[in-house]
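Chain by chain, the residues:
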Amino acid sequence: MNALRTLVSPRGAVFLLLVILLVAVTILNPSFAEPGQFMRFIQRVAPIAIVAIGQYFVIIAGEFDLSQGSLITAQVIIAGNLVGQDDARTIPVLLLMVVVGVVVGLVNGVITTLLKVPSFIVTLGMMLALLGGVMWWTGGAATGNPADSFREIGRGGIREVPLLDFIPWAVLILIAWLALGIWITKRPLGKTLMAVGDNASAVDYAGARRAWVTTRAFVISSLSATLSAVLLVGYAGVHPSVGRGYEFTAITAVVLGGVVLGGGRGWIVGAVAGAFALEAVFMLLNIAGVPSTLRDAVQGIIIIAAVAYSAVAFRARRKRGPQVPELIAAETDRSDSTDTDRSTITDRSTITDRSTSTIHTETRGD
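Calculation criteria
Residues numbered from 1 in each chain as written. Predicted model: local features only at pLDDT ≥ 70, side-chain atom pairs only at ≥ 80, totals over all residues. Heavy atoms only, no water. Pairing = 2+ DSSP bridges. Helix = DSSP H or I, 4+ residues; strand = E, 2+ residues; numbered from the N terminus. Patch = residues over 30% accessible without salt bridge, like charges linked within 9 Å, V, L, I, M, F, W, Y side chains within 5 Å. Areas by Shrake-Rupley, 256 points an atom, 1.4 Å probe, with all protein chains shown as cover. Salt bridge = Lys/Arg side-chain N within 4 Å of Asp/Glu carboxyl O. Buried < 20%, exposed > 50% of the residue type's maximum accessible area, 1.4 Å probe, protein only. Axes fitted to C-alpha atoms, helices over the stretch in contact; angles between N-to-C directions. Parallel < 35°, antiparallel > 145°, perpendicular 65-115°, else oblique. Contact = heavy atoms within 4.5 Å. Nonpolar A, V, L, I, M, F, W, Y, C, P; charged D, E, K, R; others polar. Phe/Tyr/Trp six-rings, centres within 6.5 Å; stacked < 30°, edge-to-face > 60°. Left-handed = near helix turned anticlockwise from the far one by under 90°. 1 Å grid on protein atoms, 1.4 Å probe; cavity = no way out; pocket = protein on both sides within 12 Å on 5 of 7 lines; lining within 4 Å. Points joined across faces, edges and corners; volume = space filled by probe spheres on them. Core = buried A, V, L, I, M, F, W, Y, C linked by side-chain atoms within 4.5 Å.

*Asks:* Please provide a residue-by-residue account of the pairing of strand S1 (residues 157–161), values included.
*Replies:* Pairing of S1 with strand S2 (residues 165–168) involves four bridges; the strand directions are antiparallel. Across the sheet, residue Arg 159 finds its bridge partner in S2, namely Phe 166. The turn joining S1 and S2, which pair antiparallel and follow one another in sequence, is formed by three residues; a positive phi near 70° is taken by Leu 163.

*Asks:* Quick one: what's the story with a nonpolar patch on the surface, residue by residue and with numbers?
*Replies:* Judged by side-chain polarity, Leu 82, Leu 96, Val 99, Val 103, Val 107, Trp 136 and Trp 137 come together as a nonpolar surface patch covering roughly 680 Å² of accessible area. For the nonpolar patch, the elements supplying multiple residues, two or more each, are helix H5 (90–113) and helix H6 (119–138). No other element matches H5, which puts four residues into the nonpolar patch. Along the chain, the position of Val 107 falls in helix H5. For Val 107, a relative accessible area of 32% puts it in the partly exposed group.

*Asks:* Requested: an account of the packing of helix H7 (residues 148–155) against helix H8 (residues 169–186), with residues and values cited.
*Replies:* Here H7 crosses H8 at 65°, and the two axes come no closer than 6 Å. In terms of orientation, H7 and H8 fall into the roughly perpendicular class. Seen from H7, the contacting residues are Glu 152, Ile 153 and Gly 154; seen from H8, they are Trp 169, Ala 170 and Ile 173. In the contact of H7 with H8, the residues fall into four nonpolar, one polar and one charged.

*Asks:* Help me get a handle on the packing of aromatic side chains, residues and values and all.
*Replies:* Under the criterion given, the structure shown has six aromatic pairs. Relative to Phe 41, the ring of Phe 38 lies with its centre 6.0 Å away and its plane at 35°, an arrangement referred to as tilted. In this pair, Phe 38 and Phe 41 are both assigned in helix H3 (residues 35–60), three residues apart and thus about one turn of the helix distant. On the basis of relative accessible area, Phe 41 is assigned to the buried category, the value being 1%.

*Asks:* Run through the packing of helix H12 (residues 246–256) against helix H13 (residues 268–287), naming residues and quoting values.
*Replies:* Two measures define how a pair of helices packs: the angle their axes make with one another and the distance between the axes. Running from N to C, H12 and H13 point in directions that differ by 115°, and their axes come no closer than 7 Å. For the pair H12 and H13, the sense of crossing is right-handed. For the pair H12 and H13, the contacting residues are Thr 249, Thr 252, Ala 253, Val 254 and Leu 256 in the first and Gly 270, Ala 271, Gly 274, Ala 275, Ala 277 and Leu 278 in the second. A per-class count over the contact of H12 with H13 returns seven nonpolar, four polar and no charged.

*Asks:* With reference to specific residues and values, describe the layout of surface pockets.
*Replies:* One number sums up the size of the largest pocket: a volume of about 300 Å³. Lining the largest pocket are 15 residues; nearest its centre among them are Tyr 246, Thr 249, Glu 279, Phe 282 and Arg 295. Counting residues per element, the ones that place at least two in the lining of the largest pocket are H3, helix H11 (210–236), H12, H13 and helix H14 (295–320). In terms of residue count, H13 provides more of the lining of the largest pocket than any other element does, four residues in total. Class assignment of the residues belonging to the lining of the largest pocket gives a composition of seven nonpolar, three polar and five charged.

*Asks:* Give me the environment of Trp 177: which residues, what numbers.
*Replies:* Looking at the element boundaries, Trp 177 is found in helix H8. C-alpha separation for the pair Trp 177 and Ala 49, spaced 128 residues apart in sequence, amounts to 9.7 Å. Setting aside its immediate chain neighbours within four residues, Trp 177 contacts Ile 50, Ile 53, Ile 220, Leu 223, Ser 224 and Leu 227.

*Asks:* Give a description of the pattern of salt bridges that names residues and reports values.
*Replies:* Pairs may arise between side chains of opposite charge once their charged atoms sit close together. This structure, assessed with the given rule, holds four salt bridges. For the salt bridge of Asp 148 with Arg 155, the shortest nitrogen-to-oxygen distance reads 3.3 Å. Exposure remark for Arg 155: the relative accessible area of 33% places this residue in the partly exposed category. Of the charged contacts, one joins Arg 210 and Asp 204 as a salt bridge, the two residues approaching to 2.9 Å between their closest N and O atoms. Arg 210 sits in the partly exposed class, given a relative accessible area of 28%. Residue Asp 204 is classed as partly exposed on the basis of its relative accessible area, which comes to 37%.

*Asks:* Please provide a residue-by-residue account of the nonpolar core, values included.
*Replies:* Among the nonpolar cores identified, the biggest contains 86 residues, and Phe 41, Phe 57 and Phe 276 are the most heavily contacted of them. Setting aside chain neighbours within four positions, we find Phe 276 in contact with Leu 18, Phe 41, Ile 42, Val 45, Ala 49 and Leu 174.

These values are about where atoms sit, not about what they do.
Right, dumping it as structure tokens:
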């Protein structure tokens, strides 16, 4: 019963949906089940899944990052024009891209937290600024062609692997980035970001540096977009249209994965599963012959449906009310004397003080 309830909850529904979609695609296209084809599918989803991971950290803090797509475009153009055919420039340009990503994230975070400008406006302005810079640089046409050593990151991999035949670098990079993201969610930074999205005032009272914590979420988001750009250069080429709209696709994936808009609730693995489910939906539509021009409409419907379902489920949980553990209820029934009541209150006060001290110490330590 609990397993079924988990599957139909906003957090688990995306995995059930993903399985259904993959089975449907396999039925319509049996070759999809072949290991090589499935690895290619993961390779194709990897860039958007990585961007969704970055967007996840921003959303759980109660913010938005609309600059991801334009940052991807800018990074692709930087790589295409600065690397050229000189393999020796690969590492320096990669480092430059990381610096650009960090700077964009810092600007977004600082203006949002210190100047109190809504992140929607800040990142929208950054999106337009980056896009305008790219158009000025390229004139709106494809330009640059990085060396094969650079493009190999996105389109290469380990070949002649038993059973799988081919493991793309993009798949390994996605696994590593997701593992890092899960590790961050277990650290004080991830827990504080969740707390900021749930109740920012409580975080302030706890003494956490909310501005610096939220700014780091924007930096993670920008670095995710940068990493996605490196992969996209490999098989999408260098063009001002590369990365366009990725910010909205990432938000759709995160929401589909059960992450609550407004922050405070969500699972990073669910956000990645949302990216795979979204790509599976588009693949299913292509197989069914649905025009690609309807992609944005489908994406909008998915956002509305996912948010509505999450809101209904959350209201249902609130109506059920908090569940009181049986041990606490039994302890309350056994408390018949005044001395026992005083002892229990004293013990609970001590535990509460220790817990508060621990939370405060962990938050400050981050």
